[in-house]
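Examination of the molecular architecture
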Amino acid sequence: MPHEKTYIMLKPDAVKRRLIGEIVSRIEKKGYHITQAKLMTLDKTVIAEHYAHLVDKPFYPKLEAFMTSGPVFGMVVEGENAIAGMRQMMGPTNVFEASPGTIRGDYATNVTENVIHGSDSAENATIEIKRFFG
Ligand code: DAT
Ligand code: MG
């Protein structure tokens, strides 16, 4: 399995609910390394870039309002097969399909406010790490 870097972001709901420590702890216990991390407040421009694949969706205004509603906690997470591994730990986008034991399954009841973002491919991981960590 390849050593990978992925971009993980705890969304404004996770920060407001004081879940940073608990979720960081789960990622560390799994065995991944957090090699960069910071709190940031995102503006509409960077959200439109990050969610470019969704800007035409009817739910986009709600997503934009949510993602700019407070600070997020962005991280670079590294480890063997970290991109797919983190997506597995997160659970699916639709929280109603997320099993208990996954982060979304354990902490989210809402499709928009679903606690965590993780890169979905090696290509996007590189782009997203550059976007948020330069
Ligand atoms: P993921 O976050 O699992 O990578 P995505 O990139 O397709 O999923 O969507 C980004 C975010 O947009 C997702 O975490 C929550 C929101 N979203 C996606 N589909 C949605 C929908 N049908 N209704 C409301 N929000 C949605
Ligand atoms: Mg995505």
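What this report covers is the structure whose coordinates are included nearby. All values derive from a computational prediction rather than experimental measurement. (Residues numbered from 1 in each chain as written. Chains lettered and ligands numbered in written order. Predicted model: local features only at pLDDT ≥ 70, side-chain atom pairs only at ≥ 80, totals over all residues. Heavy atoms only, no water.)

Along the chain, leucine 54 turns up in the loop between α3 (44-50) and α4 (60-67). When the C-alpha positions of leucine 54 and arginine 87 are compared, they lie 19 Å apart, and in sequence the two are 33 residues distant. Those residues in contact with leucine 54 that lie beyond four places of it in its chain are Phe59, Tyr60 and Leu63. (Helix = DSSP H or I, 4+ residues; strand = E, 2+ residues; numbered from the N terminus. Contact = heavy atoms within 4.5 Å.)

Along the chain, aspartate 13 falls in helix α1 (residues 12-16). When neighbours within four sequence positions are excluded, aspartate 13 is seen to be in contact with Phe66, Glu113, Asn114 and Val115.

What follows is about the sheet that holds strand β1 (residues 3-10). The strand order β2-β3-β1-β4 describes an open sheet built from four strands, whose pairing is antiparallel. Only two strands of the sheet have a single neighbouring strand rather than two, namely β2 (33-40) and β4 (116-118). For this sheet, the mean inter-axis angle between neighbouring strands, taken without regard to orientation, is 20 degrees. Looking at chain direction, β1 and β4 are connected through three bridges and run antiparallel. In the strand pairing of β4, methionine 9 is matched with histidine 117. Relative to the sheet, helix α2 (residues 20-30) contacts β1, β2, β3 (72-80) and β4, its axis offset from that of β3 by approximately 10 degrees. Of the strands in this sheet, β1, β3 and β4 are in contact with helix α5 (residues 82-90), which crosses β1 at around 35 degrees. (Pairing = 2+ DSSP bridges. Axes fitted to C-alpha atoms, helices over the stretch in contact; angles between N-to-C directions.)

In this section: the packing of aromatic side chains. Inspection of the entire model under this criterion finds two aromatic pairs. Aromatic side chains tyrosine 7 and phenylalanine 132 sit 4.5 Å apart centroid to centroid with 5 degrees between the ring planes, which places their arrangement in the stacked category. Of this pair, tyrosine 7 sits in strand β1 while phenylalanine 132 sits in helix α7 (residues 122-133), and the two are 125 residues apart along the sequence. With a centroid separation of 6.2 Å and 65 degrees between ring planes, the pair formed by tyrosine 7 and phenylalanine 133 is classed as edge-to-face. (Phe/Tyr/Trp six-rings, centres within 6.5 Å; stacked < 30°, edge-to-face > 60°.)

Taken together, the residues surrounding ligand 1 are Lys11, Tyr51, His53, Leu54, Phe59, Leu63, Arg87, Thr93, Arg104, Val111, Thr112 and Asn114. One nitrogen or oxygen atom from the side chain of lysine 11 is found 2.9 Å from an oxygen atom belonging to ligand 1. Within the side chain of histidine 53, a nitrogen or oxygen atom sits 3.0 Å from an oxygen atom of ligand 1. In the complex, the protein chains occlude 78% of the 520 Å² of accessible area that ligand 1 would expose alone. (Near = heavy atom within 4 Å. Polar contact = N/O pair within 3.5 Å; in protein donor to acceptor, adjacent residues only side chain to side chain. Areas by Shrake-Rupley, 256 points an atom, 1.4 Å probe, with all protein chains shown as cover.)

Attention shifts here to the environment of glycine 134. Within the secondary structure, glycine 134 is located in the segment after α7. Residues glycine 134 and valine 15 lie 119 residues apart in sequence; the distance between their C-alpha atoms is 22 Å.

What follows deals with the pairing of β1. In terms of burial, β1 is largely enclosed, as six of its eight residues are buried. Across eight bridges, the pairing between β1 and β3 is antiparallel. Bridged to lysine 5 within β3 is glutamate 78. (Buried < 20%, exposed > 50% of the residue type's maximum accessible area, 1.4 Å probe, protein only.)

With that settled, the discussion passes to α5. Of all the positions in α5, only Ala82, Ile83, Gly85, Met86, Met89 and Met90 are classed as buried. Taken end-on, α5 shows its buried residues confined to a sector of 165 degrees, consistent with a single buried face. Glycine 91 sits one or two positions beyond α5 and adopts a positive phi of about 85 degrees. (Arc of directions from axis to C-beta.)

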